[in-house]
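# Architecture and fold: a report
So the chains spell out like this:
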Amino acid sequence: MTAISASSLKAILGPTNTGKTFFAIERMLAHRSGMIGLPLRLLAREVYQKVVDRIGAQHVALVTGEERIVPAKARYWVCTVEAMPLDVPVECVAIDEIQVATDFDRGHVFTNRILHARGLSETLLLGSATMAPLVRALLPGVEIIHRPRFSELLYAGSKKISRQPKRSAIVAFSASQVYAIAELIRRERGGAAVVMGALSPRTRNAQVDMYQNGDVDFLVATDAIGMGLNLDVHHVAFADDHKFDGHQTRPLTPAEFGQIAGRAGRHMHNGSFGVTGNAPEFEDELIKQLEMHDFEPVRVIQWRNHELDFASIEALHASLDRTPPVRALTRVPVATDQHALEFTARNEAGALARGDEAVRMLWECCGIPDYRDISPAQHGEIITRIYLDLRRHGHVDADWIAEQVRFCDNVTGDIDTLSNRIKQIRTWTFVANRKNWLEDPAYWREKTRDIEDRLSDALHERLTQRFVDRRTSVLMRHLRDKHMVSPEINDLGEVSLEGHLIGSIEGFRFTLARSEGGDAKGVATAAAQVVAPEIARRAERVAGAPNEEFVLATDGYVRWRGQVIANLAEGEQLLTPRLIVLADENLTGPDLERVQDRLNLWLRHLINTQLEAVLALEAPAEIEGTARGLAYRLYESLGIIPRGAVADEVKGLDQDERGKLRKLGVKFGAYHIYVPASLKPAPRELALILYALKHGGVRQPGVTELPQIVLSGRTSFLIDPEVDTKLYELAGFKVAGRRAVRVDILERLADIIRPLIALNPATHQGELPAGAAEGNGFRVTVEMTSLLGTAGEDFASILTSLGYRVRRTPKAAIAAPEAAALAPPAAETAAAEVPEASAAPATEAAVNAEAATPVEGAAPAAAALEETAAVETATADLGAPAPAVQAESDKPAEPEFDEVWFPAGRRPDNARHNSNRSRTPRPDGAEATADGGKPPRSFRRPDREPAGDGKPGGRPRLEGRRDEQRKPFDNKGKSSGKRFDKPREDWKEHRPREDRKPATLDPNSPWAALAALRNPKSE
């Protein structure tokens, strides 16, 4: 470059946001060639890209300390100030941010460019207005052009960090401060970008882009943002007013405050500045200076002689120590390269530096930047090794540099670790970009640049992970940009936006995904707005959905397509529950009303359909009186009621009323009055839920488990003592002993037992049915145990709870005749009766008490074992010989017993029962037996109260027996041999009276035909 007339030298001065850099680029491109020197590699990259976009990459070169892109036909050069090639002639030269000439470390380089870098046609010096007097003094005749700021800058006072407005930059002056502030903003406001001079240019670019794109609304930075970065910042807040300048910690000057605060407000948009954190309020004078951009002019700038003497190291030192020629220049303090020169001069590198070329090369090596900021000795050792290789071999040893580079090639670690590796690789990137220092410089340039890029990307990712809630940033950007893609919702209801999980939708409720930080209220509001359209679409689909898409589960929740949308709540009546739509504030107004109306309609349909037979009993028009009351009680009990609870009502029903109830689906069983149509799994599940809503809630034990058992088809199972007995009844089971037996199965069992009790083996013709026994008893058969799916003690507990008792008689052994002589007398082997708590059949209270006994649950394999036991028991009851078992010891085999069950009111060892079995019982009460209720009156013992409803009857009353033939008993239970002089008072109502009309049967009844067959003479 050559010196030109002063008329071509211009200084474009002014505060920030005056468009100085933009003006310089336009002027440079207006010439056929040009060069611009920028203060930061980051800014150089930005300007390079802008110029490439306009004229093409083949015409633009990029030269920095760590990057060199030089096309063959380059006409425009974008460089950092230190890397400007001064030997390349161009028409236009521009130097940006010339006020950096005051910096202790880099100032002398900017001063040199101000004084000596010139374009052939035009030279532009860009910087702060504070440089005007000094530029005028150093460059007489320079044209100074002042550019006003496009927008105003106003003071906004002090605010907490968490209350800073959006699009704010918070400035601190140490890495620890920056990290702490960024961490706080992440917790409180969702995240922040981080910009520091210690970061690599690529990392800083990525962080700035994240802020510029709106991923975050806050930027935490050092004074690195004060130069060259064009940011969309509305407010700048100072968290500190002191900085360490490399030599000492000192207060910021007003000009430095102005340079940083001036980043607020871009182009025509006003900006503001203030303080936060521990920074004190600004004084009025400082505020005025910042708002008016009126600062003290720069009096002196750093200078170092650029005309160096390389004859020897001593001569080089002397030329570096030369004093400046004018008072406006001051000699720079000893810089890093001078420290390195002093170190190498004392070791073997200094011994090799003999002659102009050797000293020049040593000075070039000393110019390697100390990116790691290590001690001068450590940095000097690296320079020494590089210089020795260059002098001895003409290039740096490839193995040694490969080892250094390989150490840096690791993208794992935390922020500090990655930052240190980036600093190290930048050193080798700088070395790779020096001419003729390496055997294969192109390879190493590519290699080191690739490693630096990957480390920078990893560092950016770590910074983002630590200081940015990505979910929050995406949500905020989605609210600003209406053209962004809609959120994605998977099958699990998870809502994702640009790959980030923001929450999940369950029905009409949105749940924000958990996060360690972020403005919870603001994020929730933003997320709600994102998912609001989806909630509205769901409401529309629910309002038009068919009934088949809704399901009421045992937990009380209503599900639509598997998603919970409503909860069943207790209503005024058992069969009129309420539905509560589960929705957040996103579902309101007409949409909510439509959903509520649709669900209410579905619920009414569900109850009317599943419990149709039960609802018909509420107020049947054709039934009156007692029958109507019984029907209503069945309605209230949801289709099942124990017979003992309505015994009086059942007694008062005539055949006509019973027939009307049967037409309504009512069945009169021995133990229950019930509606068989309501015993299906779906009605029973609904009945359980409706009952539980009024009595303890649907979360109580049994409400969820019992419907599953009903659906499985099991006829009986072990009870759980924690489950309310009433729930078993609502599920269609009766608690009998240790097990719960299905109501209809229990009635089938009664139908099997009833004819066996009524059978007279002495008069029966043909083969006796299985289970027949003498004395109105019966033996357990395979049919019975298979029907209930249990045997052994569990089956015995069921029979006991139903009011039966067992007689256990040892079976006679089949042995040799001599063994018969040894057999004990019959009196010694009398039947052993199982003692009963009461001779009468067990009442409902007794059954409940039996059910309350804790019983362990049956194992899954118990069913097969029980079935096998049932077969074996039935075989034994029928008299079949037991299979032979080879004894493994001489112990005697356990005796086998013949078990015969009797109704609890019978005395099977009484001879009277066997002597009159040939008598034909009267058909009285046949209707009751046909309904599965009480046994006929002729089967009841006259000296006992009539058997309770739902329990087997007493012993049969034989018609041929006369009262006067019965012998009275003394108080010891023995016969006194006397006849009764008069009947006992408690027998009066049972004695036949001549004035009592005989019972009449409906001639169309099957029981009338049966009575005629049994008593032909009755016709």
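Residues numbered from 1 in each chain as written. Predicted model: local features only at pLDDT ≥ 70, side-chain atom pairs only at ≥ 80, totals over all residues. Heavy atoms only, no water.

Along the backbone of the protein there are 35 helices and 35 strands. Contacts in the protein between residues at least 24 apart in sequence constitute 68% of all its contacts with a sequence separation of at least 6. Surface exposure of the protein reaches about 49500 Å², of which carbon and sulfur atoms provide 51%. (Helix = DSSP H or I, 4+ residues; strand = E, 2+ residues; numbered from the N terminus. Contact = heavy atoms within 4.5 Å. Areas by Shrake-Rupley, 256 points an atom, 1.4 Å probe, with all protein chains shown as cover.)

Turning our eyes to something else, we now look at the environment of G19. Looking at the secondary structure, you find G19 in the loop between β1 (9-13) and α1 (20-29). A relative accessible area of 25% places G19 in the partly exposed class. The spacing of G19 and R149 is 130 residues in sequence and 8.4 Å in space, taken between C-alpha atoms. Dropping the residues within four chain positions of it, G19 is found in contact with R147 and F150. (Buried < 20%, exposed > 50% of the residue type's maximum accessible area, 1.4 Å probe, protein only.)

What follows concerns the pattern of salt bridges. Once their charged atoms are close, side chains differing in charge can pair, the charge on each being opposite to the other. Overall, the coordinates contain 41 salt bridges when judged by the stated rule. Residue E26 is joined to R54 by a salt bridge in which the shortest nitrogen-to-oxygen separation is 2.4 Å. Here E26 is found in helix α1, whereas its partner R54 is found in helix α2 (residues 41-55), with 28 residues between them in sequence. Between K726 and E729 there is a salt bridge, and its shortest N-O distance comes to 3.0 Å. Remark: E729 and K726 occur in helix α26 (residues 725-730); sequence separation between them is three residues, near one turn of the helix. (Salt bridge = Lys/Arg side-chain N within 4 Å of Asp/Glu carboxyl O.)

Attention shifts here to the nonpolar core. Counting residues in hydrophobic clusters, the biggest one holds 74 residues, and the most contacted among them are F508, I565, L599, L661, L706 and Y728. Beyond its immediate sequence surroundings of up to four residues, L706 is in contact with L688, F717, V723, L727, Y728 and A731. Counting residues in each nonpolar core, the second largest holds 60 residues, with Y179, L199, C366 and I368 among its members. (Core = buried A, V, L, I, M, F, W, Y, C linked by side-chain atoms within 4.5 Å.)

On to the sheet that holds strand β13 (residues 235-238). One open sheet accounts for six strands, arranged β9-β16-β13-β10-β12-β11; its pairing is parallel. The sheet is open, and its two borders are formed by β9 (153-158) and β11 (193-195), each paired with just one other strand. In this sheet, neighbouring strand axes are inclined to one another by 25 degrees on average, regardless of whether the strands run parallel or antiparallel. With four bridges joining them, strand β10 (residues 168-171) and strand β12 (residues 218-221) adopt parallel strand pairing. The partner of I170 across the bridge, within β12, is V220. Strands β10, β11 and β12 of the sheet are contacted by helix α5 (residues 175-189), whose axis makes an angle of about 165 degrees with β12. (Pairing = 2+ DSSP bridges. Axes fitted to C-alpha atoms, helices over the stretch in contact; angles between N-to-C directions.)

What follows deals with the sheet that holds strand β22 (residues 509-512). Spatially, four strands are ordered β19-β20-β21-β22 in an open sheet, and the strand pairing comes out antiparallel. One side of each edge strand has no neighbouring strand; the edge strands of this open sheet are β19 (488-489) and β22.

Attention shifts here to the environment of R250. Here R250 lies in strand β15 (residues 249-251). R250 sits in the buried class, given a relative accessible area of 18%. With residues near it in sequence (within four places) discarded, R250 still touches D241, H242, K243, D245 and E256. Within polar-contact distance, the side chain of R250 engages the side chain of E256 at 2.8 Å. (Polar contact = N/O pair within 3.5 Å; in protein donor to acceptor, adjacent residues only side chain to side chain.)

Bringing helix α6 (residues 201-212) into the picture now. The end-to-end C-alpha distance of α6, which contains 12 residues, comes to 16 Å, matching closely the 16 Å that a straight helix rising 1.5 Å per residue would cover. When α6 is considered as a whole, its buried residues turn out to be P201, T203, R204, Q207, V208, M210 and Y211. A positive backbone phi angle near 90 degrees is found at G214, which sits one or two residues after α6. (Expected span 1.5 Å × (residues − 1).)

As a further point, take unusual backbone geometry. Apart from glycine, the bulk of residues carry a negative phi angle, and the bulk of peptide bonds sit in the trans form. For N17, which is not a glycine, the phi torsion comes out positive at approximately 60 degrees. Among the secondary structure elements, N17 is positioned in the loop between β1 and α1. Classification of N17 as buried rests on a relative accessible area of 7%. Unlike most non-glycine residues, N436 shows phi in positive territory, near 60 degrees. Residue position: N436 is located in the loop between α15 (415-432) and α16 (441-467). Take N436: its relative accessible area is 66%, and that puts it in the exposed class.

Where helix α10 (residues 336-345) contacts helix α13 (residues 376-393), the two axes come as close as 9 Å, and the packing angle between them is 70 degrees. In terms of their interaxial angle, α10 and α13 are classed as roughly perpendicular. Helix-helix and strand crossings are classified by hand; for α10 and α13 the assignment is right-handed. In this structure, α10 uses T336, A340, F343 and T344 to contact α13, whose residues at the interface are A377, H379, G380, E381, I383 and T384. Tallied by class, residues from the contact of α10 with α13 come to four nonpolar, five polar and one charged. (Parallel < 35°, antiparallel > 145°, perpendicular 65-115°, else oblique. Left-handed = near helix turned anticlockwise from the far one by under 90°. Nonpolar A, V, L, I, M, F, W, Y, C, P; charged D, E, K, R; others polar.)

Our next topic: the environment of A193. Turning to its location among the elements, A193 is positioned in strand β11. Residues in contact with A193, not counting those within four places in the same chain, are Q207, M210, Y211, V216, F218, L219 and V220.

Burial of the side chains of β12 extends over both faces: F218 and V220 are buried on one face and L219 and A221 on the other. Both β11 and β12 contribute to a ladder of three bridges, which runs parallel. Among the inter-strand pairings, V195 is bridged to a residue of β12, identified as A221. In this view, the connection linking β11 to its parallel neighbour β12 by way of α6 has right-handed handedness. (Right-handed = clockwise from strand over helix to strand, strands pointing away.)

Turning to the packing of aromatic side chains, a few remarks are in order. By convention here, two paired aromatic rings are described through the distance between centres and the angle between planes. Applying the stated rule across the entire model yields 14 aromatic pairs. Above the plane of the ring of F897 lies R808, whose end atom (NZ or CZ) is 4.2 Å from the centre. (Phe/Tyr/Trp six-rings, centres within 6.5 Å; stacked < 30°, edge-to-face > 60°. Lys NZ or Arg CZ within 6 Å of the ring centre and 35° of its normal.)

With six of seven residues buried, strand β25 (residues 563-569) lies mostly within the body of the structure. Direction of pairing for strand β24 (residues 557-560) relative to β25: antiparallel, over a ladder of four bridges. When the bridges of β25 are listed, R559 appears paired with V564. The hairpin turn running from β24 into β25, its antiparallel successor, is two residues long, and R561 in that turn takes a positive phi close to 55 degrees. Both β25 and strand β26 (residues 578-581) contribute to a ladder of four bridges, which runs antiparallel. Bridge pairing links A569 to R578 in β26.

Scanning all chains against the criterion turns up zero disulfides. Note on C365: no disulfide assigned, nearest cysteine sulfur contributed by C366 at a separation of 7.0 Å. On the accessibility criterion, C365 (0% relative accessible area) is buried. (Disulfide = S-S within 2.5 Å.)

Summarising the element assignment, K20 is placed in helix α1. No salt bridge forms around the buried K20; measuring N to O, its nearest opposite-charge neighbour E97 is 5.9 Å away. Separated by 2.8 Å, the side chain of K20 and the backbone oxygen of P15 make a polar contact. The contact partners of K20, leaving out residues within four places of it in the chain, are I12, L13, G14, P15, L126, G127 and R147. (Lys, Arg positive; Asp, Glu negative; His and termini not counted.)

On to the packing of helix α24 (residues 681-694) against helix α25 (residues 705-712), then. It is the contact of α24 with α25, at a shortest axis distance of 9 Å, that shows an interaxial angle of 170 degrees. The orientation of α24 with respect to α25, classified from their angle, is roughly antiparallel. Contact residues: α24 offers P681, E685 and L688, while α25 offers L706, P707, V710 and L711. A class-by-class count of the residues in the contact of α24 with α25 yields six nonpolar, no polar and one charged.

This part covers the confidence of the model for the protein. Put simply, the protein has an average pLDDT of 79, and 77% of its residues get 70 or more. Across the protein, the element-wise mean pLDDT spans from 34 in strand β34 (residues 832-833) up to 96 in strand β6 (residues 92-95). Below a pLDDT of 50 lies the segment residues 1-7, which in the model reaches 20 contacts outside its immediate sequence neighbourhood of four places, other chains included. Taken together, the stretch residues 907-996 has pLDDT below 50 and engages in 167 contacts with residues farther than four places along the chain or on a different chain. (pLDDT = per-residue confidence, 0-100.)

The next point concerns α15. Taking 1.5 Å per residue, 18 residues should reach 26 Å; α15 reaches 25 Å between its end C-alpha atoms and fits that length. In terms of burial, α15 is a largely internal element, 15 of the 18 residues being buried.

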